[in-house]
Amino acid sequence: MAITGKFNGTHISSITQNRVVLPKQFKDVLNSYQSDKIVVTLSPYGGLLLYPKVEFDSVCDQLAKGVDKVNRYTLSYLENWSMGIQTLEGSAGRFRISPELLTEAKVKDKIKFIGRGNYIAIWSIEEFEDHQKMIRDQIRQSNEMPVVRL
């Protein structure tokens with residue numbers, strides 16, 4: 001399925017009673033899929049992942065075609081931690097995150113949405129800052145240069 005937009009940018013939101021509102025900019029992109037069906041799962045890299053259902057299915061299909069163990073393990077991980085298919089609630093676009101996923105992702109009351117093209121990463125503010133610091137340190141310590149000049 002072709003999309004008309006990509007998720008990009010960052011937004012901070014509050015979580016109340018395991019429910020959160022999808023930021024409007026991301027809801028608009030989700031609407032380009034002509035579906036309000038989403039899947040929330042735990043990321044193997046930290047935080048959570050929110051996929052439009054069609055994108056989650058595509059990722060799972062690609063992983064299932066992989067011949068090495070890491071593809072099978074990643075597929076199993078994403079499926080095992082998935083909350084299953086949800087539909088956004090109401091015009092505000094609320095969705096639920098299970099207490100188990102919130103605990104695993106170390107999310108308390110505020111979350112950060114980060115657009116990543118065909119999916120959205122969801123982090124606790126503190127965990128995201130720690131993750132970004134680790135990435136920044138790896139970049140600074142590397143002898144390699146990116147393929148584009150920054």
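Residues numbered from 1 in each chain as written. Predicted model: local features only at pLDDT ≥ 70, side-chain atom pairs only at ≥ 80, totals over all residues. Heavy atoms only, no water.

Chemist: Please clarify how the overall build of the protein should be interpreted in this entry.
Modeler: For the protein, the helix and strand inventory stands at five helices and eight strands. Across the protein, helices and strands are ordered from the amino to the carboxyl terminus as β-β-α-β-β-α-α-β-β-α-β-β-α. Computed over C-alpha atoms, the radius of gyration of the protein comes to 16 Å, within 12% of the 15 Å expected from 2.2 N^0.38 for 150 residues, which places it in the range of a compact globule. Considering only C-alpha atoms, the protein reaches an extent of 50 × 35 × 30 Å along its principal axes. Looking at the 150 residues of the protein, the share that counts as buried comes to 39%. Relative to all contacts within the protein whose residues are 6 or more apart in sequence, the contacts with residues 24 or more apart total 62%. Accessible area for the protein stands at about 9,400 Å²; split by element, carbon and sulfur atoms hold 50% of it. If you average the places of the 20 positive and of the 17 negative side-chain charges in the protein, the two averages end up 3 Å apart. (Helix = DSSP H or I, 4+ residues; strand = E, 2+ residues; numbered from the N terminus. Rg over C-alpha atoms; globule rule 2.2 N^0.38 Å. Buried < 20%, exposed > 50% of the residue type's maximum accessible area, 1.4 Å probe, protein only. Contact = heavy atoms within 4.5 Å. Areas by Shrake-Rupley, 256 points an atom, 1.4 Å probe, with all protein chains shown as cover. Lys, Arg positive; Asp, Glu negative; His and termini not counted. Charge placed at Lys NZ, Arg CZ, Asp CG, Glu CD.)

Chemist: Looking at this structure, how should I read the packing of helix 2 (residues 53-65) against helix 3 (residues 69-81)?
Modeler: The description of two helices packed together rests on the angle between their axes and the distance between the axes. Contact geometry of helix 2 with helix 3 gives a least axis separation of 8 Å together with a crossing angle of 150 degrees. In terms of orientation, helix 2 and helix 3 fall into the roughly antiparallel class. Crossing of helix 2 against helix 3: the hand is left-handed. Contacts between helix 2 and helix 3 pair Phe56, Val59, Cys60, Leu63 and Ala64 from the former with Asn71, Thr74, Leu75, Leu78 and Glu79 from the latter. Counted by class, the contact of helix 2 with helix 3 contains seven nonpolar, two polar and one charged residues. (Axes fitted to C-alpha atoms, helices over the stretch in contact; angles between N-to-C directions. Parallel < 35°, antiparallel > 145°, perpendicular 65-115°, else oblique. Left-handed = near helix turned anticlockwise from the far one by under 90°. Nonpolar A, V, L, I, M, F, W, Y, C, P; charged D, E, K, R; others polar.)

Chemist: What should I look at first to understand unusual backbone geometry in this one?
Modeler: Peptide bonds are mostly trans, and most non-glycine residues show a negative phi. Positive phi, normally seen in glycine, also occurs at Gln17, with a value near 50 degrees. Checked against the element boundaries, Gln17 lands in the loop between strand 1 (10-14) and strand 2 (19-21).

Chemist: How should I be thinking about the sheet that holds strand 3 (residues 37-42) in this particular structure?
Modeler: Paired through backbone hydrogen bonds, the strands of a sheet run either parallel or antiparallel to each other. One open sheet accounts for six strands, arranged 1-7-8-4-3-5; its pairing is antiparallel. The open sheet is flanked by strand 1 and strand 5 (85-87), the only strands paired with a single partner. Averaged over all neighbouring strand pairs, the angle between strand axes comes to 30 degrees, with direction disregarded. In this structure, strand 3 lies alongside strand 4 (residues 48-52), joined through five bridges in antiparallel fashion. Counted as the bridge partner of Ile38 is Pro52 from strand 4. Relative to the sheet, helix 2 contacts strand 3, strand 4 and strand 5, its axis offset from that of strand 4 by approximately 110 degrees. Those strands touched by helix 3 are strand 3 and strand 4, and its axis lies near 115 degrees from that of strand 3. (Pairing = 2+ DSSP bridges.)

Chemist: Teacher, can you tell me more about a nonpolar patch on the surface here?
Modeler: Side chains of Val147, Val148 and Leu150 sit close together on the surface and give an oily, nonpolar patch of about 410 Å² of accessible area. Turning to its location among the elements, Val148 is positioned in the segment after helix 5 (125-141). (Patch = residues over 30% accessible without salt bridge, like charges linked within 9 Å, V, L, I, M, F, W, Y side chains within 5 Å. Salt bridge = Lys/Arg side-chain N within 4 Å of Asp/Glu carboxyl O.)

Chemist: What is the right way to read the packing of aromatic side chains from this model?
Modeler: Note on aromatic pairs: each is described by the distance of the centres and the angle between the planes. Applying the stated criterion across every chain yields a total of eight aromatic pairs. A centroid spacing of 5.7 Å and a plane angle of 85 degrees characterise the contact between Phe7 and Phe26, whose relative ring orientation is edge-to-face. One end of the pair, Phe7, is in the segment before strand 1; the other, Phe26, is in helix 1 (residues 24-31), with 19 residues separating them in the sequence. Accessibility classification places Phe7 together with Phe26 in one group, the buried group. Look at Tyr51 and Tyr119: their rings are 5.3 Å apart centre to centre, the planes differ by 35 degrees, and that puts the pair in the tilted class. (Phe/Tyr/Trp six-rings, centres within 6.5 Å; stacked < 30°, edge-to-face > 60°.)

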